[in-house]
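These are the residues of each chain, in order.
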Amino acid sequence: MKLLKNILCFCLLALLPFSVIDAQKSSRKKNKTQTTARKNTGVKKKNARKKTVANKKSEQNNAANPMGATLRLAEQQQKTADTTVPKTVTVTSVFKPFLKTAAKINFTAATPVIDSSRIAVSYQIPAQNLFFNYAPVAVKPLMLETDSALAWQNDNFIKAGFGNFSSPYIESGITFGNNPSDITSLHGKYISSKGNLPYQEFYKANIEGRGNYSVSNRLNLFSKLYYNHSTQYKYGTAAGVTVPKDNLLQQFNLVGLNVGIETKAIDSLGITYRPELGASYFSDNRGGSEFTFQFNGSVNKSFTNALSFDLGLNASLTGLKQPQAIAAYNNVSNNLYTIKPSLHFITPNVKLKAGFDPSWDNSRFALLPNITAEARLSETNVTLEVGWLGYFNKNTYQSLSVINPYIAQPGALFNTKNIEQYVGIKTAISKQLSFNARFSLLKTNNLPLFVNDTVLANRQTFITLFEPELKGFKLHAELNYTVQDNFFGGAALNFTNYSNQQLYAKTWGFLPLELTGYLKYRVTKDFLVKGDVFFWDGTYYKNPSDGANYKLNPAADLSLGAEFTIVKHLNLWVQMSNIFNNRYQRWNQYEVLGFNVLGGIVYSFR
């Protein structure tokens, strides 16, 4: 018994630590169970409420659907049987996504920085100069270019004035249509004057109409209709000779029409053309009449931007009737035909033209050269030029009367042929100043000369003669200065020296030296002044009394003009000629007017 008690005591002592541990575990488990029970109690309450509502709905549904009620009951029993505690998963993350703040562009209204630096831009622009074949022209008793002081911007205007020497002046211009596609313009002018010498008077009037019409997108039709009238008296009578005034009357009338068509631009084949027909009728107060028909046409074919071919055709037929001339010269004809083929090669620095012009001058054949070359020196504004040219100047009764209005009816008409070999230079010295010069060797056939008639009562009349051949040289120079649109100035020199005449001793009536200058200055927007000056060496003349050759004195003439605005559309103008009151002669025995002034108003319709 005692042994049994000892064994039991030993077992109790051995089991005591385990009892303590189980007690601690039971205590922890009890606490945890109580916590879970509290949570489950809340959940059960919520579920009870839900079950109550669901049971009500289930009862209603079971009544309508017994099979469905059975299934739901089974599901509820299964849920009730699952009494395990749900597992909870807690996720902890350090990364927290976020959007990066976008950068916002702020515009500030800051004043832009002023750039005071200048960009140097260099343009190589060749000097644009025109070269003309200068010929002797008649000196008008009164300077007629009174309106050249202002380039008119008005389409329609009327200009009127009056001056000393009983000189009324009127001019008008009217334009119709839409410029530039279809336009018609009319222009007319009249002026007369009476000097201090007997019969020193003249009347001049002209009217001209021009039309420009667009025929299609490529063609343009142009036309010109004109009428000119001039009346003057051969007042340069010999001293002590009295001639009736009617015998001194010299009156000319000219009416003409020109019609042509031209292409506006190069077509797909690179071809442009411009044919023109013209006809004119000229008559005087002595029964003389002259009819001239002319055709001028050109066709150009471009192969590349630099290479092209040009073909021209000129035909001029003139017939002169002189009822009062001797029988041998009663009817005079003068015909000229020229074909002008040429090849052109043009680059920015080089210009070449090569061709030969077959010509028929009154059935006499001539092959005229037409070769020119221009080359601009690299990195400079200097252009060198050389050429070998041949050309005709057509002489008619009408063209000779423009040179000398005191001529008699010509007994014969010959065309002047010129062969010129030249070298020259053109340069732009600065942006405003340009200069060009040319030296030429000349050979001229049939140069018209004018000498006084040897008949005592008719010495105031000039007879036209033609020198068969002359040789000489010519020097031409030009200087131009321009400052924007406010100032224009320039000067030109022409010196021609002929020698080796075959038939006549001197070149009567031909001016060997001409020096001209012009100046235009726009002082303000509404005020402009201009000036013109010329100087020439006296020409040779043949004294009808002794047949000796003499030379007229040199002549100089200065003209000044001005124009300014009074009110809108109304301007005042004034023109003064021969300011130094020089009594010079352009033609032997014909002294020009002294100092004369014209002034008036201009009213424009625009």
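On a predicted model such as this, the values are computed, not experimentally measured, just so you know.

### Quick look at the overall build of the protein
Broken down by element type, the protein carries 3 helices and 30 strands. For the protein, the residues scored as buried account for 34% of the 606 residues in total. Considering only intrachain contacts with a sequence separation of at least 6, the fraction spanning at least 24 residues in the protein is 56%. Carbon together with sulfur atoms contributes 61% to the accessible area of the protein, which is approximately 37,300 Å² in total.

### Here's the deal with the pattern of salt bridges
With the rule as written, the count across this model stands at 11 salt bridges. A salt bridge links E201 to K245; the nearest nitrogen and oxygen atoms lie 3.5 Å apart. Linking E201 in strand β4 (residues 201-214) with K245 in the loop between β5 (219-233) and β6 (249-263), this pair joins segments that are 44 residues apart in sequence. For the salt bridge of E276 with R274, the shortest nitrogen-to-oxygen distance reads 3.3 Å. Using a relative accessible area of 16% as the deciding quantity, one classes E276 as buried. Judged by relative accessible area, which is 34%, R274 ranks as partly exposed.

### Describing the pairing of strand β23 (residues 527-536)
Pairing geometry for strand β22 (residues 513-524) and β23, over 10 bridges, is antiparallel. Within β23, the position partnered with Y521 by the bridge is V529. Taking the residues between adjacent antiparallel strands as the criterion, β22 and β23 are bridged by 2 residues. In this sheet, strand β26 (residues 555-567) lies alongside β23 in antiparallel orientation, the contact comprising 10 bridges. Opposite V533, over in β26, you have L558 as the bridge partner.

### Structural notes on the packing of aromatic side chains
Within the structure shown, the criterion is met by 25 aromatic pairs. Between F356 and W388, the ring centres sit 6.3 Å apart and the planes meet at 90°, which makes this aromatic pair edge-to-face. You can see F356 sitting in strand β13 (residues 356-361) and its partner W388 sitting in strand β15 (residues 382-393), a full 32 residues away along the chain. With a relative accessible area of 40%, F356 lands in the partly exposed category. Three or more aromatic residues joined by ring pairs form one cluster here, namely Y235, Y406, F450, F462, W587 and Y590. A cation over an aromatic ring shows up here: K224 above the ring of Y226, its NZ or CZ 5.0 Å from the ring centre.

### Some thoughts on the confidence of the model for the protein
Confidence along the protein averages 82 in pLDDT terms, with 73% of residues attaining 70 or more. Scored below 50 in pLDDT, residues 60-67 shows 4 contacts in the model against residues more than four places distant or in partner chains. When the criterion is pLDDT under 50, residues 129-154 qualifies, and its contacts beyond four places in sequence or with other chains add up to 77 contacts.

### Considerations on the nonpolar core
Ranked by internal contacts, the top residues of the largest apolar core, which has 18 residues, are F450, F462 and W587. Mapped by element, the contributors of at least two residues to this core are β6, α3 (397-403) and β19 (462-467). No other element matches α3, which puts 3 residues into this core. Excluding residues within four positions of it along the chain, F450 makes contact with L400, I403, N404, I407, F462, I463, T464, W508, G509 and W587. Judged by nonpolar contacts, the second largest core, of 9 residues, contains L449, L465, L470 and Y498.

### Structural notes on unusual backbone geometry
Most peptide bonds adopt trans geometry, and most residues besides glycine take a negative phi value. Positioned with a positive phi, S166 is a non-glycine residue whose angle comes to about 50°. Assignment of secondary structure puts S166 in the loop between β1 (156-163) and β2 (167-178). Look at S166 and you get partly exposed, because its relative accessible area is 47%. Phi is positive for Q484, close to 50°, though the residue is something other than glycine. In this structure, Q484 sits in the loop between β20 (470-483) and β21 (487-499). Classification of Q484 as exposed rests on a relative accessible area of 65%.

### Thoughts on the environment of N486
Its location among the elements puts N486 in the loop between β20 and β21. Non-local contacts of N486, meaning those with residues more than four positions away in its chain, are made with K520, Y521 and R522.

### A short note on the side chain of N253
One can find N253 in strand β6. By relative accessible area, N253 is classed as buried at 19%. Here the side chain of N253 touches Y227 through a polar contact of 2.8 Å, side chain to side chain. Setting aside residues no more than four positions away along its own chain, N253 makes contact with Y227, N228, H229, Y281, F282 and S283.

### Thoughts on the pairing of β4
Two elements, strand β3 (residues 182-194) and β4, share 12 bridges in a ladder whose sense is antiparallel. Each bridged residue has a counterpart across the sheet, and for G188 the counterpart in β4 is I207. Once β3 ends, the chain turns through 6 residues before running back antiparallel as β4, passing Y199 with a positive phi of about 65°. For β4 and β5, the ladder comprises 13 bridges, and the chain directions are antiparallel. Pairing of G209 across the sheet is with L225, part of β5.

### Focus: the environment of Y190
Of note, Y190 is situated in strand β3. A C-alpha to C-alpha distance of 9.9 Å links Y190 and S230, two positions 40 residues apart in sequence. The residues contacting Y190, other than those within four sequence positions of it, are P168, Y169, I170, Y203, K204 and A205.

### Quick look at the environment of Y518
Assignment of secondary structure puts Y518 in strand β22. When its relative accessible area of 34% is taken as the criterion, Y518 is described as partly exposed. Each C-alpha atom of the pair Y518 and A492 lies 9.2 Å from the other, and the pair is 26 residues apart in sequence. Contact partners of Y518, with chain neighbours within four places excluded, come to N480, F488, G489, G490, G531 and D532. Here the side chain of Y518 touches N480 through a polar contact of 3.2 Å, side chain to side chain.

Thresholds, definitions, all that
- Residues numbered from 1 in each chain as written.
- Predicted model: local features only at pLDDT ≥ 70, side-chain atom pairs only at ≥ 80, totals over all residues.
- Heavy atoms only, no water.
- Helix = DSSP H or I, 4+ residues; strand = E, 2+ residues; numbered from the N terminus.
- Buried < 20%, exposed > 50% of the residue type's maximum accessible area, 1.4 Å probe, protein only.
- Contact = heavy atoms within 4.5 Å.
- Areas by Shrake-Rupley, 256 points an atom, 1.4 Å probe, with all protein chains shown as cover.
- Salt bridge = Lys/Arg side-chain N within 4 Å of Asp/Glu carboxyl O.
- Pairing = 2+ DSSP bridges.
- Phe/Tyr/Trp six-rings, centres within 6.5 Å; stacked < 30°, edge-to-face > 60°.
- Lys NZ or Arg CZ within 6 Å of the ring centre and 35° of its normal.
- pLDDT = per-residue confidence, 0-100.
- Core = buried A, V, L, I, M, F, W, Y, C linked by side-chain atoms within 4.5 Å.
- Polar contact = N/O pair within 3.5 Å; in protein donor to acceptor, adjacent residues only side chain to side chain.

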